[in-house]
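Observations on the model geometry
What follows is the residue order along each chain.
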Amino acid sequence: MNAIASTHITRPVTLVEAINLALAHEMQADETVVVLGEDVALNGGVFRATVDLRKQFGLKRVMDTPLAETLIAGMAVGMSVQGLKPVAEIQFMGFIYATMEQVISHAARMRNRTRGRLHCPLVLRAPFGGGIHAPEHHSESTEALFAHIPGIRVVIPSSPARAYGLLLASIRNPDPVIFLEPKRIYRAANQTVENAGQALPLDTCFTLQEGQHITLVSWGAMIQETLEAAQQLAEEGIECEVIDVATISPLDRETIICSVAKTGHCVIVHEAARECGVGAEIAATLAEHALTDLRAPVKRVTGYDTIMPYFKQESLYLPTTEKIIKAVKETLDYD
Amino acid sequence: MQSTIQCNYAFNIPGIRYLLPDNSAQSPLPETISDELLIRAYQHMRLIRIFDQKAIALQRTGQLGTYPSCQGHEGVNTAIGLAMHPDDVFVPYYRDQATLNLRGVKLSEILRYWGGDERGSNYKNCPQDLPNCVPIATQFCHAAGIASAQKIKGNKQATVVTGGDGSTSKGDFLEALNLAGAWHLPLVLVVINNQWAISTPRKAQCNATTLAQKAIGAGIPGVVVDGDDFTAVYDQVHKALQRAYLGKGPTLIEAITYRLGDHTTADDATRYRAREEVENAWKTESVTRLLNYLKIRELWSEEREQQWRVTCKETVDVEVKDYLNTPPDKPTAMFEHLYETLPRAYLAQYEELAVSTREDL
Ligand SMILES: Cc1ncc(C[n+]2csc(CCOP(=O)(O)OP(=O)(O)O)c2C)c(N)n1
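On a predicted model such as this, the values are computed, not experimentally measured, just so you know. Note on numbering: residues in each chain are counted from 1, in written sequence order. Each chain takes a letter, starting from A, and each ligand takes a number, starting from 1, following the order in which they are written. Owing to the predicted nature of the model, reporting of local features is limited to residues with pLDDT of at least 70; listing and counting of side-chain atom pairs is limited to 80 or more, with chain, interface and lining totals taken over all residues. Remark: hydrogens and water are excluded; side-chain values derive from all non-hydrogen atoms of the structure.

Regarding the overall build of chain A
Stated formally: Here a strand is any run of E in DSSP of at least two residues, a helix any run of H or I of at least four, and the numbering for each starts at the N terminus. Think of it in three bands: residues with accessible area under 20% of the maximum for their type are buried, residues over 50% are exposed, and the middle band is partly exposed, with areas taken using a 1.4 Å probe on protein chains only. For the area figures, the Shrake-Rupley method with a 1.4 Å probe applies, and any residue is considered shielded solely by the protein chains shown. For the purpose of charge, His is not counted, nor are the chain termini; Lys and Arg are scored as positive and Asp and Glu as negative. Where a charge sits is defined by one atom per residue type, namely NZ (Lys), CZ (Arg), CG (Asp) or CD (Glu).
For chain A, the count of helices and strands is 13 helices and 14 strands. If one aligns the C-alpha atoms of chain A with their principal axes, the spans along those axes are about 60 × 45 × 40 Å. Out of the 335 residues belonging to chain A, those deemed buried represent 59%. When the accessible surface of chain A is split by element, carbon and sulfur atoms take 52% of a total near 12700 Å². Across chain A, 29 positive and 39 negative side-chain charges occur, with their mean positions spaced 6 Å apart.

Quick word on the UniProt feature "domain: Dehydrogenase E1 component" (unreviewed entry) in chain B
The following threshold applies: UniProt positions are given in the numbering used here, feature names are shortened, and annotations may be inferred rather than shown by experiment.
As annotated in UniProt, the feature "domain: Dehydrogenase E1 component" (unreviewed entry) corresponds to residues 43-326 of chain B in the numbering used here. Between the C-alpha atoms that bound residues 43-326 of chain B the distance is 27 Å, and the span itself is 49% helix and 11% strand.

Section: unusual backbone geometry
Residue and element names in this part refer to chain A. Residue Pro 250 is bonded to the preceding Ser 249 through a cis peptide linkage, with omega at -5°. Tracing the backbone shows Pro 250 in the loop between strand 12 (247-249) and helix 10 (253-263). Look at His 133: it is not a glycine, yet its phi comes out positive at around 60°. Relative to the elements of secondary structure, His 133 occurs in the loop between strand 5 (123-128) and helix 7 (143-147). Residue Cys 276 is not a glycine yet carries a positive backbone phi of 60°. Turning to its location among the elements, Cys 276 is positioned in the loop between strand 13 (266-273) and helix 11 (278-289).

Some points on the site of the ligand
Our working rule: Residue proximity to a molecule or strand is established when one non-hydrogen atom of the residue lies within 4 Å of it. Pairs of N or O atoms within 3.5 Å make up the polar contacts considered here, provided that, within protein, one atom can donate a hydrogen while the other can accept it, and that residues adjacent in sequence are counted only when both atoms are side-chain atoms.
In the vicinity of the ligand, 21 residues are found, and the nearest of them are Glu 69 of chain A together with Tyr 93, Tyr 94, Arg 95 and Trp 196 of chain B. In this structure the ligand sits where residues from chains A and B come together. Here a nitrogen atom of the ligand and a backbone polar atom of Ile 136 of chain B are 2.9 Å apart. Contact distances for the ligand include 2.7 Å between an oxygen atom and a backbone N or O atom of Trp 196 of chain B. Protein coverage of the free-state accessible area of the ligand, which is 580 Å², stands at 96%.

A short note on the packing of aromatic side chains
Condition: Any two rings among Phe, Tyr and Trp, with Trp reduced to its six-membered ring, count as a pair given centres within 6.5 Å; such a pair is stacked if its planes are under 30 degrees apart, edge-to-face if over 60, and tilted if neither. Only lysine NZ and arginine CZ atoms are considered, and such an atom sits over a ring when it is within 6 Å of the ring centre and within 35 degrees of the ring normal.
Applying the stated criterion across every chain yields a total of 14 aromatic pairs over all chains. Ring centres of Tyr 113 of chain B and Trp 114 of chain B lie 4.8 Å apart, and the angle between their planes is 90°; on these two criteria the pair is classed as edge-to-face. With respect to class, Tyr 113 of chain B is no different from Trp 114 of chain B; both count as buried. Ring plane angle 80° and centroid distance 4.9 Å describe the contact between Phe 140 of chain B and Phe 173 of chain B, whose orientation is recorded as edge-to-face. Taken together, the positions of Phe 140 of chain B in helix 5 (residues 138-153) and Phe 173 of chain B in helix 6 (residues 171-182) put the pair 33 residues apart, joining distant regions of the chain. Directly above the ring of Phe 206 of chain A sits Arg 162 of chain A, whose terminal nitrogen or CZ lies 5.6 Å from the centroid.

Structural notes on the pairing of strand 4 (residues 187-193) of chain B
Residues and elements named next belong to chain B. Filter applied, for reference: Being paired, for any two strands, means DSSP has found at least two bridges between them. The crossover handedness rule: strands pointing away from the viewer, path from first strand over the helix to second strand clockwise, crossover right-handed.
Strand 4 sits mainly inside the fold: seven of its seven residues count as buried. Residues Leu 187, Leu 189, Val 191 and Asn 193 point to one face of strand 4 and Val 188, Val 190 and Ile 192 to the other, with burial holding for every one of them. Two elements, strand 3 (residues 159-164) and strand 4, share six bridges in a ladder whose sense is parallel. Within the sheet, the bridge partner assigned to Gly 163 lies in strand 4 and is Val 191. Of the crossover connections in this fold, the one passing from strand 3 over helix 6 to the parallel strand 4 is right-handed.

What follows is the structure in structure tokens.
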């Protein structure tokens, strides 16, 4: 029996350990859940997200695949229409593009095109984002590519507890989920996670702290800098409401609009490039639904519209706490 | 009534080597191999081995980013580099340090790349060669395109592309191979089969006995060579290039070798690989094999060996110093090399970056 899942222990874990706990829990609870990908079985994944799962659940449920991303995504589609719940790992999001045809043309529309006869409850997990001095193609933040696709969900956790709860929810969700893991904070902090199989809701933002002066909207690893900025601003008497979007698609517009109705100001923070990023969608939403509540233009603090630089200069690209603070002050100074 | 169709297809994938692991040679060596070539090859292989060890040390001391060791690949890659003509185009993957350096890429440039600096790919001496390819197998498609262009232009050059055993599982590889056959492209595809794709062994990658036999389906020649035998790889790449120059089309070469180190400095191969297997591989690896052969032939001595190692260390030290002393790139370079002319829409961001890093506009 699986020692981790059978006892509902509560202990401090990192984000990547929380992923592992959630996978183990769900594999224990539901025998249709299978894990597949490159190096996930024997090696436990290059970031160790799937470590020990092979030992606990055997080779039939934890599968090392050949090096072929299209195949991994295509197999996940095939497995899911057969009633399995595949959780496929793409080693880095930089290599996810080969799966896009499978995701967009098959997984996302299986339910629609068969009018509900078939559907694809699968999870495609991938580490993403910069800040860990990784080689070329390993640091991009291209979540907006998937956010544009109808029929799927794009979920991004920002802490161990949310990683645990959101991954459980994603596996249990009856539709395909792209689950993107901010690898910069894989091991950044420990947080107590109760391993009791409690999922968190999808399609909803999480308000991490309330404040009346300005709304800060972010997700993934940038939540760290956003919270840090909010804390520094609090020392100057500026109270920020911090929203973790968590499911970037479909977007919980209501939480953001209601918050801005209260604060009248909004700064959006993401590390992806600005143009056509998810921040643009949020800003457009506010223009449509909160224009009269806004007392200043919505500001975005984002990566530049450049190719993510190699790591010698990645810190120039990534938004910083200072940049967030500056944007907040400019926004508040507007009125 | 049932009728039968006669199918008489059979295939044979030759396996080639001359220098045997026991330090003897299956004589004679191919006529493309001269004594001078052997000495030059050995010197380069030793240089790259020493460079590689230094690169790993730099990573361990925080002076380099994640680095993929090429220990075990020296023989194959030196053979490719020496067999190629400067005007040919090389399309590498990320473990081809020995070839890149022979193409004219400085060791300091290789370090710059793995040190997180785009300038490491600005190959001045081989401006037609492609930079490292990190996404697996996509480079085979680029190579097919380059070879097509060479053919269309009617020049006599060829393209050489490399990839690992893992890369042969991807559609990209098969699609490029297929096209290369159909279009008779001047392309040499070298699969460097080092037995592992991170933790996935060659056997789990594909059930075919050889990877070279994938050539059969594309209607092109496929051959297996001992990748730890410099002479076999050199001779086969040379022959494949001659075929390409003469318009006879592509060749697939599978070079069987072993990845002696971890996958990269971020990997720990002891998690999935038996120590014994690695120890055995060290007994037949290419650098020592060629050294032993040269000594037996009295083309090389212990004294020259000591001298050469000193020379290699000095060369590597100079390159490392060059790398470590490289002034940082301009922060705004990320915008300056994005488009030929920076679109107006991005000017504000460009200026913001320039101002925040106090650069002269
Ligand atoms: C498309 C893609 N998927 C996954 C990766 C992550 N990755 C980097 S190297 C590697 C193994 C490659 O093995 P192989 O082709 O045999 O070459 P080797 O590293 O052994 O020389 C993997 C899975 C990648 N770089 N590109």
